[in-house]
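# What the coordinates show
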Amino acid sequence: MFTYTNRIKPDDNSIVDYLKNLLDKKYQIPTFQRDVVWEKENVKKLWDSIYKFYPLGSILIWKTSTKLESHREIGGIEFASNFNTNEYQYILDGQQRTTALLTSIYGGKIADNENFDPKLYIDLTVELTDITDDTSYTKRFLFWDEIDDRNGQLKANSGKIKRYQEKLIVSLIDFITNYGELERNLYQSGYTDFEHPYLQQLRRIRDVFAYYKISLIELRGIEVAEVCQIFERINQAGKPLNIFDIVVAKTFRPEDKINNISGFYLRELVKNFQANIPSTQYKDIDSLTLLQMLAVVVKLEFPDAGIQNITDKYLNNLKTEHIEAVWSDFKTAIAKTFKFFDNSLHIKGPKLIPYRYLYLTITAYFYRNHKPDYSFLNKYFWYYSFHNADLLTNTTHLWEHIDFVNQQKANSTYSFNKFDIDKNSIRKSFYSSRGRLSRAILSLYANHKPQDWAKPHNDVLSDVYYLFTDKPNLHHIFPVNFIKQSGIASQIESDSLMNIAYLSQITNLKISDKNPLDYLKEYDEPGLEAVLRSHLIPTIILEWSRGDALPEHALSIFIEERVNLLLEALRLKLEGIEFNVFDMGDRTDNISS
C-alpha cells in the first residue's frame with residue numbers, strides 16, 4: 001500500500017547503470033514526450049557539469065501499471081513497451097539529458113543531422129585551471145568533426161588528430177568498455193608518473209563513471225491527474241503535461257503491416273484535422289477542449305465506455321477503438337460547430353464564446369444529426385449566453401444541456417423556460433476576456449456584422465480581426481480622456497460595454513480622444529444611420545452631433561438607449577420565449593412580456 005511517505009521515492013544510479021537499464025528497455029519513453037532539441041554546446045555543458053560533479057537535476061520516473069504506448073527513439077534506438085509486465089517505468093522528465101548521455105557515449109543518429117556522429121571524446125591534455133574555470137570544457141570535450149583533419153585538409157584539426165593518434169584524446173565509451181587499455185596506452189607512451197596530469201585526468205573521468213550519481217525521483221501509486229500536476233510543477237521551463245498527452249500515449253498503436261493492422265496516433269489525427277479547419281480562428285482550440293468534445297461523443301455512442309464525465313479521471317478511460325469508431329462523424333460535428341460560430345453567428349474566434357462548454361453541447365447536437373434546426377440552435381446559444389443565471393458553469397449543467405439538445409435532435413420539439421435578464425447587469429458590464437456576460441455582449445455586437453464607419457459597405461470584423469491582440473480592437477464611443485476632461489460621466493459608465501464598439505484600427509486611431517460630436521461629423525454621410533444600427537448604437541448620438549450639443553448626462557442617456565436596443569435585439573432572437581426584464585438598479589422598474 002502506498003502512503004504519502006513512500007509514493008514519491010528519491011533514488012540514484014550511476015551513469016553506466018542508468019543507461020544500461022535504458023538499453024535493457026526497463027524505461028519507456030511515452031509518446032507525449034516532446035521532441036528533443038539536441039545541440040553540441042548543451043551536450044558539452046552537460047558533461048562539464050558531470051566532470052565537475054555538479055548536480056544535473058532529477059530524472060522523473062513514473063512507475064505504474066498503466067500501459068502507455070511508446071514509439072520514441074533515442075539516437076536511432078527505439079524504446080517501446082513491447083512486453084507485458086505488472087509495472088511500467090516511464091521517463092516523465094529528463095528525456096533531454098538522457099538523450100545527451102546516451103548518444104554522447106553510445107552514438108546514434110541525431111534528427112535533422114543524420115550524418116553527424118554524436119559520440120563524445122575527451123582531450124586528456126586539457127587541464128582544469130581552477131574551480132571557476134568555465135571555458136576549458138569547449139576544448140576538453142570534442143566531437144569527431146572537431147578532431148578529424150580529413151587527411152590533412154583541415155589544418156585547424158591537425159594538432160587534435162595527432163593527440164588522438166597518440167591516445168591522448170579518447171572516447172567516453174572506452175571508459176566503460178576499455179579502461180584498462182586506456183591506462184596501458186599512457187604507460188606505454190611514457191607517462192608513468194602516477195601524478196602525471198594526463199593520468200590524473202584519466203582517473204578523474206573513471207571516477208565520474210564509477211561515482212557520479214544521477215538523481216531519480218520515482219512516483220508510485222499516483223493517478224494520471226496528479227502525475228500531470230507534478231510534471232507541471234517540476235517542469236517549469238517546459239510545456240505542461242496534460243491529460244491529452246496521456247491519452248495520446250495510451251491510445252497510440254503502431255502500424256503492423258504483417259497482420260494488416262493500421263497505426264493510430266491521436267495527436268497526428270488532431271493536427272491534420274486542425275490544419276483543414278476553414279476558419280483560421282478555430283484552428284488553435286486547446287487540446288483539452290478538443291479531448292472533452294471527443295469524450296462527449298464517445299459517451300453518446302458508447303454509454304458503457306466508462307466516460308461518465310469530462311474530468312481527467314474519465315478522459316483517461318478513452319480507448320483507441322472507441323475513438324476510431326466515432327472519429328469520422330466527430331470531425332463532421334466539430335467542423336459544423338465551428339462553422340456555426342463563424343458563419344451563422346458571425347463570431348470570428350474562440351475568444352468571444354461565452355461558455356467553453358458550448359463547444360461540447362453544440363458538438364453533441366451536431367453529432368450524427370443530418371437535419372439540424374438552426375433556429376433552435378440560435379435560440380439555445382443566445383438564451384444561455386445572456387440568461388441572468390449562470391446555467392452552464394459545471395459538469396452537472398453540461399450533461400443537462402446535452403440531454404436537452406439531444407431531445408430536440410431526437411423529436412424536433414423543444415421548449416425553453418422563462419428567460420430572465422437584469423437590465424442593470426447589461427448597463428454595468430465591462431470588458432473581461434473571461435467574463436461570460438462580457439463575451440456574450442461582444443458576441444451580440446459581432447453577430448450584427450458591424451460596418452466600417454469610414455467605408456459603410458465593409459464589415460469591420462474579419463477572419464484575422466482577433467489575430468493581432470488578445471484584446472479585440474474596441475473603441476470607446478465617448479472616449480475615456482474626453483470623459484475625464486469634460487467630467488460628463490463616472491468611470492463605471494465610461495468603461496461600460498454600452499460605451500464600446502468594434503472599429504477598424506485605422507478608424508480607431510483617427511478618432512482617438514475626440515468629442516463624439518466632432519468625429520461623427522466626419523462620417524456623417526448617407527448610410528451612417530444604418531452603420532450605427534449595425535453596431536446597436538442609438539442614432540440619438542447622431543442627432544446630438546448634428547445639433548452640435550450634448551445634453552446633460554449625455555452618456556447616461558446614451559447607455560440607457562443602447563441597453564434598450566440590445567434587449568430588443570435579444571427579444572427578437574428569443575421570439576416565442578417568455579422574456580422577463582428586471583432592473584436591479586431600479587427595483588421599481590420591472591417589465592414582463
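The sections below set out a description of the structure shown in this document. Everything quoted here is computed from the prediction, not taken from an experiment. Counting starts from 1 at the beginning of each chain's written sequence and moves along it residue by residue. Two thresholds apply to this predicted model, a pLDDT of at least 70 for residue-level local features and 80 or more for giving and counting side-chain atom pairs, whereas whole-chain, interface and lining totals are computed over all residues. To get the side-chain values, all heavy atoms of the structure are used, and hydrogens and water are removed first.

### Observations concerning the overall build of the protein
Helix numbering and strand numbering both begin at the N terminus, where a helix is a DSSP run of H or I of at least 4 residues and a strand a DSSP run of E of at least 2. Helix and strand counts for the protein come out as 26 helices and 14 strands. When burial is assessed residue by residue, the protein has 50% of its 593 residues classed as buried. Residues count as neighbours in contact if any of their non-hydrogen atoms are within 4.5 Å of one another. Of all intrachain contacts in the protein linking residues separated by at least 6 positions in sequence, the fraction that spans at least 24 positions is 72%. Per-residue and other accessible areas were derived by the Shrake-Rupley procedure at a 1.4 Å probe size, with only the shown protein chains allowed to occlude residues. Summed over its atoms, the accessible surface of the protein is roughly 28,600 Å², and 48% of this surface lies on carbon and sulfur atoms. Relative accessible area decides the class of each residue, using a 1.4 Å probe on protein chains only: under 20% of the type maximum gives buried, over 50% gives exposed, and in between gives partly exposed.

### Notes on the sheet that holds strand E9 (residues 213-220)
The criterion for strand pairing is that DSSP finds at least two bridges linking the strands in question. With mixed pairing, 4 strands are arranged side by side in an open sheet as E1-E9-E2-E5. Each of the sheet's edge strands pairs with one partner strand only, and the pair in question is strand E1 (8-14) and strand E5 (88-93). Within this sheet the neighbouring strands show an average axis-to-axis angle of 30 degrees, counted without direction. As judged from the 5 bridges shared by strand E2 (residues 59-64) and E9, these two strands associate in the parallel manner. Looking across to E9, one finds that Ile-59 is bridged to Leu-216. The strands touched by helix H1 (residues 15-23) within the sheet are E1, E2, E5 and E9, with E1 carrying the most contacts at an inclination of about 105 degrees. Here, axes are lines fitted to C-alpha atoms. For helices the fit covers the stretch in contact, and angles between N-to-C directions go from 0 to 180 degrees.

### Overview of the nonpolar core
The definition of a nonpolar core used throughout is a set of buried Ala, Val, Leu, Ile, Met, Phe, Trp, Tyr and Cys residues joined through side-chain atoms within 4.5 Å. The biggest cluster of nonpolar side chains holds 128 residues, and the ones touching the most others in it are Leu-266, Phe-341, Tyr-380, Phe-386, Trp-453 and Phe-478. In contact with Phe-341, not counting residues within four places along its chain, are Tyr-282, His-346, Ile-347, Ile-353, Leu-358, Tyr-359, Ile-362 and Phe-381. Judged by nonpolar contacts, the second largest core, of 44 residues, contains Tyr-18, Leu-182, Leu-202 and Leu-216.

### So, the environment of Val-296
Structurally, the position occupied by Val-296 is in helix H12 (residues 287-301). In this structure, the C-alpha to C-alpha distance between Val-296 and Ile-310, residues 14 residues apart in sequence, is 7.4 Å. Ignoring sequence-local partners within four residues, the contact set of Val-296 consists of Ile-310, Leu-360, Ala-364, Trp-399 and Ile-402.

### Brief notes about the pattern of salt bridges
Once their charged atoms are close, side chains differing in charge can pair, the charge on each being opposite to the other. In what follows, salt bridge is the name for a side-chain nitrogen of Lys or Arg lying within 4 Å of a carboxyl oxygen of Asp or Glu. Applying the stated rule across the entire model yields 28 salt bridges. Note that Asp-24 and Lys-20 form a salt bridge whose closest N and O atoms lie 2.9 Å from each other. Across the pair Arg-436 and Asp-390 runs a salt bridge whose closest N-O atoms are separated by 2.5 Å. Residue Arg-436 is found in helix H19 (residues 436-447), and its partner Asp-390 is found in the loop between helix H16 (374-386) and helix H17 (395-411); the two are separated by 46 residues along the sequence. By sharing partners, the salt bridges in this structure join Asp-524, Glu-529, Arg-533 and Arg-546 into a single network.

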